[in-house]
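# Understanding the architecture of this molecule
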Amino acid sequence: MSEPIYAPALPARWSALTAYGLLTPDVRTRVAPLWTVPPRVGGERTPGRPPLHPLDPDPAALARHTYETFGLIARVQRDHPAWVDTCHVEREPGFPGSGAAGPPLRPVTGVERDPRQQVACAEAARSGDTGLGVRLRPTGPPDERSAEALCRLLERIAFARCPVDLLVDLGEVDEEQDAHHTALHTLDLLGPLHPWRTVVLLAGAFPRTHPEAYGAPLAETYRTDRHLPDLLRHAGHGPRPVYGDYGAHDAASADRVSDTGDDPFRGALRYTTALTFLVGEVPAETDHHLTVRALAREIVAAPDFRGAEYSEGDRWLQVCADGTGLPGTGHPDSWILAGHVQHLTHVARELRRHS
């Protein structure tokens, strides 16, 4: 099995799952997603901070939601490994247990999780021979208390004698250097505490709200996250971590019930260039078909468009722009799907080229 070179954090929903399934085999085998099971009901959750009380009023429906999501992930992953994080559903009545996903899926825990969840993940990793992931969400440079909490977790799960991956999740990052310093300190302090199988550095720069337009109708925003792994490598701090981002979506996507119903802006076409994201918002009150086709034409006319043969996402945009082969212009989930496919393809190929 090829070692992953790219570990995107994605919500386990139709758009992202289908996008991963549409990757060409050479790309898919080098991409190991971190899937997060989204909440079934309620408002946006805060990562790393469990709800004060159960939010799902229907335990049976939650169990079905979780089992179905595990099944969809396993189906699209086939025999390729991936991590599965149940942080948004595991504390609520009806959650079927951390080991329900099964191999080759790797359960995820963290220092802020209930000790019972930590032990359950270790038991699932041992029985499935998959190993597990420890997801850390530093909001600033860690201190000795962070190291002590991680050591307690590692001691608690040591009975499993299984490989452990360190998933350092910086969340949303901007052009400030705080994320760089946080990543350096985190890997410096916590990296030596265990012989990690894989170290992943996750960061996201896709805008949470529609960015200011620089060349209407498309807006453009800088991909700040893409520089973090190189900054760490040149600083000489340990092995180069596996790069991870959030695909063609903002870092909070997996914390919401849906990609579109709760989004700060509901629908947009998106395209990943070498340095930026191109974003074309589709206002709800506009003529849907005309607006989408016009935005697709803008994207395929951009100098950075790679052509319809590059990925299924590029092909969809070209066909949409041409007005041929599609009965309509899709809906917000299908625009996110196209954005994810071309983004995942581009990042994986660029990382492979530079590795």
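Residues numbered from 1 in each chain as written. Predicted model: local features only at pLDDT ≥ 70, side-chain atom pairs only at ≥ 80, totals over all residues. Heavy atoms only, no water.

### Topic: the pairing of strand β5 (residues 132–136)
Filter applied, for reference: Each residue gets one of three labels from its accessible area relative to the maximum for its type: buried under 20%, exposed over 50%, partly exposed in between, using a 1.4 Å probe on protein chains only. Going along the chain from the N terminus, every DSSP run of H or I of four or more residues is numbered as a helix, and every run of E of two or more is numbered as a strand. Only strands joined by at least two bridges in the DSSP assignment are considered to pair. Look down the strands so they point away from you; if the path from the first strand over the helix to the second goes clockwise, the crossover is right-handed.
When you tally the buried positions in β5, you get five out of five residues, the bulk of the element. Alternating residues of β5 divide into L132, V134 and L136 and G133 and R135, and every residue in both groups is buried. In the sheet, strand β4 (residues 105–109) pairs with β5 via two bridges, with the strands oriented parallel. Each bridged residue has a counterpart across the sheet, and for V108 the counterpart in β5 is G133. For the crossover from β4 across helix α4 (residues 115–128) to β5, the handedness is right-handed. Where β5 lies against strand β6 (residues 164–172), five bridges are found, and the strand directions are parallel. Across the sheet, L136 pairs through a bridge with V168, a residue of β6. With respect to chirality, the unit in which β5 leads through helix α5 (residues 144–157) into the neighbouring parallel β6 is right-handed.

### Things to note about unusual backbone geometry
Although it is not a glycine, D129 sits at a positive phi angle of roughly 55 degrees. Mapped onto the fold, D129 is located in the loop between α4 and β5. Overall, D129 belongs to the exposed group, its relative accessible area being 70%.

### Concerning the sheet that holds strand β9 (residues 242–244)
Note the threshold: Angular values range over 0 to 180 degrees, each being the angle between N-to-C directions of two axes fitted as lines to C-alpha atoms, with helices fitted over their stretch in contact. Residue contacts follow a heavy-atom distance rule, with two residues in contact if any of their heavy atoms lie within 4.5 Å.
Spatially, β1-β2-β3-β4-β5-β6-β7-β9 is the arrangement adopted by the eight strands of the open sheet, whose pairing is parallel. Looking at strand neighbours, the two that pair on one side only are β1 (9–11) and β9, the edges of this open sheet. Direction aside, the axes of adjacent strands within the sheet are offset by 30 degrees on average. Note that strand β3 (residues 82–85) and β4 share three bridges and pair parallel. Opposite A82, over in β4, you have L105 as the bridge partner. With respect to the sheet, helix α6 (residues 178–190) is in contact with β5, β6 and β7 (199–204), its orientation differing from that of β6 by roughly 160 degrees.

### A short note on the sheet that holds strand β10 (residues 268–272)
In spatial order, the strands read β8-β11-β10; together these three strands make up an open sheet with antiparallel pairing. The outermost strands of the open sheet, each flanked by one partner alone, are β8 (219–222) and β10. Going across the sheet, the axis of each strand differs from the next one's by a mean of 25 degrees, ignoring polarity. Pairing between β8 and strand β11 (residues 276–281): four bridges, direction antiparallel. Considered in β11, the bridge of A219 is made with V279. Against the sheet, helix α8 (residues 288–301) engages β10 and β11, with an angle of about 10 degrees to β10.

### Here's the deal with the side chain of T272
What counts is decided by this rule: The term polar contact refers here to a pair of N or O atoms within 3.5 Å; inside protein, the definition further demands a hydrogen-donor-capable atom paired with an acceptor-capable atom, and it admits residues adjacent in sequence only when both atoms are side-chain atoms.
Here T272 shows up in strand β10. Separated by 3.3 Å, the side chains of T272 and Q342 make a polar contact. Those residues in contact with T272 that lie beyond four places of it in its chain are R223, F277, R306, Q342, H343 and H346.

### Some points on the nonpolar core
If you look at soluble globular proteins, the nonpolar side chains tend to sit buried side by side. So the rule is basically this: Here, the term nonpolar core denotes a set of buried Ala, Val, Leu, Ile, Met, Phe, Trp, Tyr and Cys residues that are joined through side-chain atoms within 4.5 Å.
Within the largest apolar cluster, 27 residues are counted, with the highest numbers of intra-cluster contacts made by L132, V134, L150, I157, L166, L170 and W196. Of all the secondary-structure elements, those providing two or more residues to this core are α4, β5, α5, β6, α6 and β7. Looking at which element gives the most residues to this core, the answer is α5, with five residues. Leaving out residues up to four positions away in the same chain, L170 has contacts with P138, A179, T182, A183, L201, L202, A203 and L228. Judged by nonpolar contacts, the second largest core, of 25 residues, contains Y6, L17, W35 and Y243.

Everything listed here is a matter of coordinates, which is why it stays silent on function.
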